[in-house]
Amino acid sequence: MAFDKLELNETEVWDGNHAAAQALRQAQVDVVSAYPITPSTAIVEGYAKFKSDNLVEGEFVMVESEHAAMSGCIGAAAAGGRVATATASQGLALMAETLYQASGMRLPIVLNIVNRALAAPLNVNCDHSDMYMVRDSGWIQFDAFNPQEAYDLNLIAFKVAEDHDVRLPVVVNQDGFLTSHTAQGIHPLSDDDAFNFVGEYKPMNDMLDFEHPVTHGVQTEEDWHFEHKARQHADTMNIVPGKIDAVFAEFEKLSGRKYNQIEEYNMDDADVAVVCMGSSVETAREVAGEMREKGIKAGVVGIRVLRPFPFAKIADVLKDIKAVAALDRSAPGGAAGALFNEIAGSLFNTDSKMLLSGYIYGLGGRDLTKKHLVDLYTELQANADAGKLLTQQQQFIGVRGPKLAFL
Amino acid sequence: MSEMKKIKNLKEFSTSADRFEGANLLCPGCAHSIIVREVLNATNDDLVLAASTGCLEVCTAVYPYTSWDASWIHIGFENGSTAVAGAEAMYKALKTKGRLKQPDRNPKFVAFGGDGSSYDIGFQWISGCMERNHDMMYVVLDNEVYANTGGQRSSSTPIGASATTTPAGSISYGETRNKKDMMGIMAAHNIPYAAQVSPNKWKDMVKKIQKGFATEGAVFINAVSPCTTEWKFDPKDTMHLADLATDSLVFPLYEVIDGHEFNITYRPKNVVPVEEYLAAQGRFKHLFKDEYKYLIKEWQERVDANWAYLNRREEARV
């Protein structure tokens with residue numbers, strides 16, 4: 001029985017979860033192996049409903065845990081077809097072991113992470129501690145700032161992951177609730193355009209090719225393990241960025257929507273800048289615009305590709321900025337924020353005189369308000385004027401009680 | 001239609017095309033390779049195989065070598081079952097979509113795991129696969145111990161066995177808990193077919209494996225795998241140990257269809273005392289001290305009671 005296509009309107013009102021589910025439908029995913037968890041549940045519920053309504057032909061395997069969800073994805077991907085799933089927070093933590101297995105086996109799986117805080121204390125709301133937990137797991141990692149991007153980046157993710165020169169799994173992050181449950185006007189591609197963009201799945205080393213038996217998931221010890229890991233890192237650093245740019249360019253041609261590894265806003269002549277991720281990028285852009293009216297040349301850099309981290313692009317965009325704030329939405333656990341460290345690593349050993357400070361914000365879904373950002377830009381301008389940091393290097397913002405500052 | 005091989009004698013086994021190569025790193029006398037070969041050689045159909053982390057996995061796929069001439073995957077310790085379930089889901093999807101490269105084939109999906117990965121760490125994953133009734137076979141290579149990591153107890157380790165985490169000592173007789181009834185638990189999923197097998201009774205085993213392959217849906221096989229290293233017997237005695245296990249009824253051979261239809265498939269003509277089974281293994285050596293002899297008596301009583309229970313289940317058909 002052939003499946004039915006959907007006639008979509010030029011503008012649909014979708015939240016981030018539904019946008020991601022629609023992208024999975026249009027990509028004609030072969031297997032979704034999944035376990036529900038707030039706030040990502042609606043993605044797999046959406047896929048299940050598409051299946052019940054004959055809008056997809058793929059298999060939906062509703063497993064008994066997130067670890068099993070990714071285990072099933074790995075088996076399905078190794079068998080040779082398009083695979084996707086979704087999770088968040090505790091589910092991602094349970095899944096974490098298998099993320100390293102998926103990337104080490106170079107299987108092109110797309111994982112939606114709907115970012116949510118990690119317990120304890122238990123919390124269902126947005127922060128980026130789950131995103132950060134698996135940032136070094138060998139997956140390519142995209143970040144959507146709004147529902148439209150959650151849709152677009154899912155289509156892009158399949159195309160990047162399944163390229164035979166890449167063969168790496170891809171995470172698409174979006175903010176829990178702030179993006180996943182916020183309905184906005186979305187401009188989807190038609191079903192045919194979307195599928196033609198992603199393309200037919202081209203199997204490689206597929207277990208279901210019985211004329212060419214293949215062994216997946218071998219053991220290597222001190223004799224070969226390092227070479228496997230090093231080679232994979234080399235591909236991630238050398239090959240993947242160009243592939244991402246090429247797919248971004250192809251998507252722009254099709255949709256008119258331009259994506260970049262880092263998204264710059266008012267950066268050309270900026271004196272001060274905020275670097276952040278998720279829905280905060282849009283808040284920061286709004287405030288940066290308003291700061292211009294107050295005479296502060298404010299800019300924003302949104303991180304679109306967290307892995308491979310765009311070191312050179314960050315160094316290039318920030319090198320002449322006087323004061324930069326790295327916003328990290330994750331408890332740093334006795335260290336600087338992850339974004340702070342990556343930016344510092346990008347600019348260290350350069351001639352840049354940039355002053356870098358780190359801000360920890362928004363844990364467990366605490367709002368980042370415009371007032372927070374106005375104060376932050378004002379603080380950055382003061383640093384720029386003084387030519388040195390007037391505050392401690394790491395500050396917590398939006399938290400009750402006495403001011404917390406470190407380093 | 002799937003193709004069942006006619007295997008009438010051991011020679012037909014030995015002349016089958018091996019999809020599991022003799023070139024592997026398993027211990028001399030290990031029953032794992034015998035069981036795996038008996039499973040794979042039961043069919044001419046294509047195979048999609050998985051192994052959970054364990055002896056079988058670390059001894060057969062060490063880069064750049066592989067002992068497998070069939071599609072094979074290993075992910076981790078707990079998820080060999082789900083790896084195959086995922087592959088089976090992909091097979092169904094590609095079949096629906098008309099994208100199979102060899103659409104005329106009739107592949108069998110089989111996952112292997114030791115008792116550590118099956119009774120313990122991968123228990124939930126197997127339960128999930130059985131409950132969802134994937135068209136797959138899960139085979140436990142049950143050597144009643146974490147052999148790959150050097151002999152720690154698992155929930156399959158029986159009472160009185162000395163394991164490295166339940167060692168016999170001046171005040172201990174070793175493992176204090178009875179072996180988990182994995183067959184009972186898996187059969188309780190009401191899966192179409194569950195069976196206990198032993199490599200020495202190869203005709204019984206082939207019959208059950210072929211029955212499993214002919215079954216649509218989830219199949220669970222528990223295979224006793226005498227472990228020369230951890231049970232502590234001479235490697236040449238592997239089949240003798242398997243004989244003692246089946247003929248003492250410590251390891252009864254039976255099948256359960258649809259969760260309720262019990263069939264005992266092997267009734268030893270001469271039942272061997274459990275004591276002989278225990279005496280043949282170093283792991284039970286300490287039980288023969290005077291202060292622990294009561295445990296041997298209890299062992300026999302437990303085995304007798306279990307045999308009586310299985311017979312009642314067979315008769316009652318419930």
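Since the model is a prediction, treat every value here as computed from it, not as a measurement. (Residues numbered from 1 in each chain as written. Chains lettered and ligands numbered in written order. Predicted model: local features only at pLDDT ≥ 70, side-chain atom pairs only at ≥ 80, totals over all residues.)

*Asks:* Where do I start with the overall build of chain B in this structure?
*Replies:* When helices and strands are tallied, chain B shows 12 helices and 10 strands. Taking 20 Å as the expected radius of gyration for a compact globule of 318 residues, we find that chain B reaches 19 Å, a close match to that expectation. Judged by the C-alpha coordinates and their principal axes, chain B covers about 70 × 50 × 40 Å. Across the 318 residues of chain B, 52% fall into the buried class. Restricting the contact set of chain B to residue pairs at least 6 apart, pairs at least 24 apart contribute 70%. (Helix = DSSP H or I, 4+ residues; strand = E, 2+ residues; numbered from the N terminus. Rg over C-alpha atoms; globule rule 2.2 N^0.38 Å. Buried ≥ 20, exposed ≤ 12 C-beta atoms within 10 Å, placed from the backbone. Contact = placed C-beta atoms within 7 Å.)

*Asks:* For this particular structure, what's the right way to read the overall build of chain A?
*Replies:* Per the secondary structure count, chain A includes 13 helices and 17 strands. Against the 2.2 N^0.38 benchmark of 22 Å for 407 residues, chain A shows a C-alpha radius of gyration of 21 Å, consistent with a compact globule. Its C-alpha atoms give chain A principal-axis dimensions of roughly 70 × 55 × 45 Å. Sorting the 407 residues of chain A into buried and exposed places 55% on the buried side.

*Asks:* Even after reading the chapter, I still don't get the interface of chain A and chain B, so can you show me in this structure?
*Replies:* Accessible area lost on assembly of the parts is the figure often given for the size of an interface. With 39 residues of chain A at the contact, the number on the chain B side is 39 residues. Mapped by element, the contributors of at least two residues to the side of chain A that touches chain B are strand 2 (31–34), strand 3 (59–62), helix 3 (66–79), helix 4 (89–104) and strand 9 (215–216) of chain A. Ranked by residues supplied to the side of chain A that touches chain B, first place goes to helix 3 of chain A with 10 residues. Within the side of chain A that touches chain B, the residues separate by chemical class into 16 nonpolar, 16 polar and 7 charged. In this sheet, strand 2 (residues 71–73) of chain B lies alongside strand 9 of chain A in parallel orientation, the contact comprising 2 bridges. In the strand pairing of strand 2 of chain B, A:Thr215 is matched with B:Trp72. (Nonpolar A, V, L, I, M, F, W, Y, C, P; charged D, E, K, R; others polar. Pairing = 2+ DSSP bridges.)

*Asks:* Looking at this structure, how should I read the pairing of strand 10 (residues 261–264) of chain B?
*Replies:* Working note: regular strand, side chains alternate between the two faces of the sheet. Residue and element names in this part refer to chain B. Two elements, strand 9 (residues 254–257) and strand 10, share 4 bridges in a ladder whose sense is antiparallel. The residue bridging Glu 255 from the neighbouring strand is Asn 263, located in strand 10. Where strand 9 folds back on strand 10, the antiparallel hairpin that results is connected by 3 residues, among which Asp 258 adopts a positive phi of roughly 55°.

*Asks:* Hey, could you run me through helix 2 (residues 31–40) of chain B in this one?
*Replies:* For an α-helix, the turn length of 3.6 residues means that residues three or four places apart are oriented alike. Counting buried positions along helix 2 of chain B yields 9 of 10 residues, so the element is predominantly enclosed. Those residues of helix 2 of chain B that fall on the buried side of the exposure criterion are B:Ala31, B:His32, B:Ser33, B:Ile34, B:Ile35, B:Val36, B:Arg37, B:Val39 and B:Leu40.

*Asks:* Mind showing me how you'd approach the pairing of strand 5 (residues 109–115) of chain A here?
*Replies:* All names here are of chain A. Among the 7 residues that make up strand 5, 7 are buried, leaving the element largely enclosed by the rest of the structure. A two-sided burial pattern is seen for strand 5, the buried positions comprising Ile 109, Leu 111, Ile 113 and Asn 115 on one face and Val 110, Asn 112 and Val 114 on the other. Sheet topology note: the strand 4 (residues 83–87)/strand 5 ladder contains 5 bridges and is parallel. Paired with Ala 84 across the strands is Val 110, a residue of strand 5. Crossover strand 4 to strand 5 through helix 4 is right-handed. Relative to strand 7 (residues 170–175), strand 5 is paired through 6 bridges, and the arrangement is parallel. (Right-handed = clockwise from strand over helix to strand, strands pointing away.)

*Asks:* Could you clarify how one ought to interpret the sheet that holds strand 9 of chain A in this entry?
*Replies:* The strands that make up a sheet are held in pairs by hydrogen bonds between backbone atoms, and each pair lies either parallel or antiparallel. Taken in spatial order, the 9 strands of this open sheet run 9(A)-2(B)-1(B)-3(B)-4(B)-8(B)-7(B)-9(B)-10(B), and their pairing is mixed. Looking along the sheet, the strands with just one partner apiece sit at the ends: strand 9 of chain A together with strand 10 of chain B. Relative to strand 3 (residues 108–114) of chain B, strand 1 (residues 47–51) of chain B runs parallel, the two sharing 5 bridges. Pairing of B:Leu49 across the sheet is with B:Val110, part of strand 3 of chain B. Of the strands in this sheet, strand 1, strand 2, strand 3 and strand 4 (137–142) of chain B are in contact with helix 4 (residues 80–97) of chain B, which crosses strand 3 of chain B at around 170°. (Axes fitted to C-alpha atoms, helices over the stretch in contact; angles between N-to-C directions.)

*Asks:* For this particular structure, what's the right way to read the sheet that holds strand 5 of chain A?
*Replies:* Residue and element names in this part refer to chain A. Across the sheet, which stays open at both edges, the 7 strands sit in the order 3-2-4-5-7-6-13 with mixed pairing between neighbours. In this open sheet, the two strands that pair with only one neighbour each are strand 3 and strand 13 (305–307). Taken over all neighbouring pairs, the strand axes of this sheet differ in orientation by 20° on average, direction set aside.

*Asks:* Please clarify how the nonpolar core should be interpreted in this entry.
*Replies:* Within soluble globular proteins, side chains that are nonpolar generally end up buried alongside one another. Ranked by internal contacts, the top residues of the largest apolar core, which has 221 residues, are A:Val170, A:Val275, B:Ala87 and B:Val110. Three or more residues apiece are contributed to this core by two domains, here domain 1 (12–255) and domain 2 (262–406) of chain A. Apart from residues lying up to four places away in sequence, B:Val110 is in contact with B:Val39, B:Leu47, B:Leu49, B:Val84, B:Met136, B:Met137 and B:Val139. (Core = buried A, V, L, I, M, F, W, Y, C linked by C-beta atoms within 7 Å. Domains from an automatic or database assignment.)

*Asks:* Mind showing me how you'd approach the packing of helix 10 (residues 280–293) of chain A against helix 13 (residues 370–386) of chain A here?
*Replies:* Residues and elements named next belong to chain A. Between helix 10 and helix 13, whose axes approach to 9 Å, the crossing angle comes to 55°. Classified by the interaxial angle, the pair formed by helix 10 and helix 13 is oblique. Between helix 10 and helix 13 lies a crossing of right-handed hand. Taking contact as the criterion, the partners of Thr 283, Ala 284, Glu 286, Val 287 and Met 291 in helix 10 are, on helix 13, Lys 370, Leu 373, Val 374 and Tyr 377. In the contact of helix 10 with helix 13, the residues fall into 6 nonpolar, 1 polar and 2 charged. (Parallel < 35°, antiparallel > 145°, perpendicular 65-115°, else oblique. Left-handed = near helix turned anticlockwise from the far one by under 90°.)

*Asks:* I would appreciate a short explanation of unusual backbone geometry in the present structure.
*Replies:* Among all residues except glycine, the phi angle is most often negative; among peptide bonds, the trans geometry is most common. Omega for the peptide link from A:Thr38 to A:Pro39 comes to 0°, which places this bond in the cis form. For A:Pro39, the location among the structural elements is in the loop between strand 2 and helix 2 (41–52). The backbone of A:Arg106 sits at a positive phi, close to 55°, despite the residue not being glycine. If you trace the backbone, A:Arg106 turns up in the loop between helix 4 and strand 5. Despite not being glycine, B:Glu144 has its phi angle at roughly 60°, a positive value. Relative to the helices and strands, B:Glu144 resides in the loop between strand 4 and strand 5 (168–169).

*Asks:* Any chance you could explain the domain arrangement of chain A here in plain terms?
*Replies:* Residue and element names in this part refer to chain A. Considered domain by domain, chain A is made up of domain 1 (12–255) and domain 2 (262–406). The straight-line distance from the C-alpha centre of domain 1 to that of domain 2 is 28 Å. On the side of domain 2, 21 residues touch domain 1, which itself brings 26 residues to the contact. Taken together, the elements giving at least two residues each to the side of domain 1 that touches domain 2 come down to helix 5 (129–133), strand 6 (140–143), helix 8 (225–238) and helix 9 (240–255). In terms of residue count, strand 6 provides more of the side of domain 1 that touches domain 2 than any other element does, 4 residues in total. Of the residues in the side of domain 1 that touches domain 2, the class split is 13 nonpolar, 9 polar and 4 charged.

*Asks:* I would appreciate a short explanation of the environment of A:Gly176 in the present structure.
*Replies:* Checked against the element boundaries, A:Gly176 lands in the loop between strand 7 and strand 8 (184–186). Non-local contacts of A:Gly176, meaning those with residues more than four positions away in its chain, are made with A:Pro39, A:Ala88, A:Val114, A:Asn115, A:Arg116, A:Asn125 and A:Cys126.

*Asks:* Which parts of the structure should I look at to understand helix 4 of chain B?
*Replies:* Residue and element names in this part refer to chain B. Here helix 4 contains 18 residues, and its C-alpha end-to-end distance of 26 Å stays within 8% of the 26 Å for a straight helix at 1.5 Å per residue. Counting buried positions along helix 4 gives 14 out of 18 residues, so the element sits mostly inside the fold. One or two steps after helix 4, the chain reaches Gly 98, where phi turns positive at roughly 70°. (Expected span 1.5 Å × (residues − 1).)

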